[in-house]
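Listed here are the chains, written in short residue letters.
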Amino acid sequence: MEKKPRRLSCPYIENGCVGICKFSVIDVVCPYYVPECPYEKLEVNDIVATYLLKVKQYDITLNDYRLKVYKVKTNDIYHVIGKIYCNAFERIESMSYGLWTKQREEFWEKEGYSVVDYKE
C-alpha cells in the first residue's frame with residue numbers, strides 16, 4: 001500500500017499522527033480520530049444549556065441590595081443578562097452565572113434563597 005502525503009493542517013503531525021481524520025488522507029486509523037462527533041453538525045444557536053444566574057439588585061423596601069437567583073434555560077446567556085439589566089428599574093450591583101447542577105440549586109435553597117425559573 002502506497003502512503004499518500006498528509007495534509008499539513010493536521011494539529012497532530014508533529015506528534016506522529018498517521019491516520020484518517022478530516023486533516024489526513026492516509027488509509028490508517030488515527031488514534032486521535034473521533035468518528036462523527038454529534039456536536040460537529042450543531043450550530044451554536046442549537047445548543048441549549050441551563051444556568052444559575054445570580055443578580056445582586058437594590059431593593060427599595062429593604063433600602064439595601066438583595067440577591068436573586070434565577071434558573072435560566074437558554075442558548076445565549078448574554079442575551080438574558082442584557083435583557084435583565086435593561087429592564088431593571090433598580091440599580092444592579094453585580095451579576096454572575098454558572099452552569100446549573102442539582103447540587104448548586106440545592107445549595108442556594110439551603111442558604112435561604114428561592115431559585116426562580118426565568119421566563120423570557
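The following paragraphs examine the structure supplied in this document. The shown structure was predicted, so the numbers you read here are calculated from the model rather than taken from an experiment.

Along the protein chain, the regular secondary structure elements total 2 helices and 4 strands. Ordered by position from the N terminus, the helices and strands of the protein chain form the series β-β-α-β-α-β. Across the 120 residues in the protein chain, those meeting the buried criterion constitute 24%. Accessible area of the protein chain: about 9300 Å², with a carbon and sulfur share of 53%.

What follows deals with the pattern of salt bridges. With the rule as written, the count across this model stands at 3 salt bridges. Among the ionic pairs, K71 bridges to E105, the shortest N-O distance being 3.6 Å. One end of the pair, K71, is in strand β2 (residues 64–74); the other, E105, is in helix α2 (residues 102–110), with 34 residues separating them in the sequence. Residue classification places K71 among the partly exposed residues on the basis of a relative accessible area of 22%.

A sheet is described by the order of its strands in space; here 4 strands give the open sequence β3-β1-β2-β4, paired in mixed fashion. One side of each edge strand has no neighbouring strand; the edge strands of this open sheet are β3 (92–99) and β4 (115–117). Between one strand axis and the next, the sheet turns through 25° on average, direction left out of account. Bridge count between strand β1 (residues 49–59) and β2: 11 bridges; the pairing is antiparallel. If you follow K56 over to β2, its bridge partner there is L67. Against the sheet, helix α1 (residues 77–87) makes contact with β1, β2 and β3, and its axis sits at roughly 155° relative to β3, the strand it touches most. Of the strands in this sheet, β1, β2, β3 and β4 are in contact with α2, which crosses β1 at around 25°.

Turning our attention to the nonpolar core. Within the largest apolar cluster, 11 residues are counted, these being A49, Y51, L53, V55, Y70, V72, I77, V80, I81, I84 and I92. Those elements giving two or more residues to this core turn out to be β1, β2 and α1. In contact with Y70, not counting residues within four places along its chain, are Y51, L52, L53, V55, I84, V115, V116 and Y118.

Notably, N63 is not glycine yet its phi reads approximately 55°, a positive angle. Mapped onto the elements, N63 comes out in the loop between β1 and β2. The class for N63 is exposed, based on a relative accessible area of 57%.

When we look at burial in α1, the residues that qualify are I77, V80, I81 and I84. End-on, the buried residues of α1 take up no more than an arc of 100°, which puts them together on one face. Facing away from the buried side of α1, by more than 90 degrees, are the exposed residues Y78, C86 and N87. Next to the buried residues of α1 lie β1, β2 and β3.

Right, let's get into the environment of I92. Following the sequence through the fold, I92 ends up in strand β3. If we skip the residues at most four places from it in the chain, I92 touches V55, K56, Q57, I84 and Y85.

Reading the values: rules and limits
Residues numbered from 1 in each chain as written. Predicted model: local features only at pLDDT ≥ 70, side-chain atom pairs only at ≥ 80, totals over all residues. Heavy atoms only, no water. Helix = DSSP H or I, 4+ residues; strand = E, 2+ residues; numbered from the N terminus. Buried < 20%, exposed > 50% of the residue type's maximum accessible area, 1.4 Å probe, protein only. Areas by Shrake-Rupley, 256 points an atom, 1.4 Å probe, with all protein chains shown as cover. Salt bridge = Lys/Arg side-chain N within 4 Å of Asp/Glu carboxyl O. Pairing = 2+ DSSP bridges. Axes fitted to C-alpha atoms, helices over the stretch in contact; angles between N-to-C directions. Contact = heavy atoms within 4.5 Å. Core = buried A, V, L, I, M, F, W, Y, C linked by side-chain atoms within 4.5 Å. Arc of directions from axis to C-beta.

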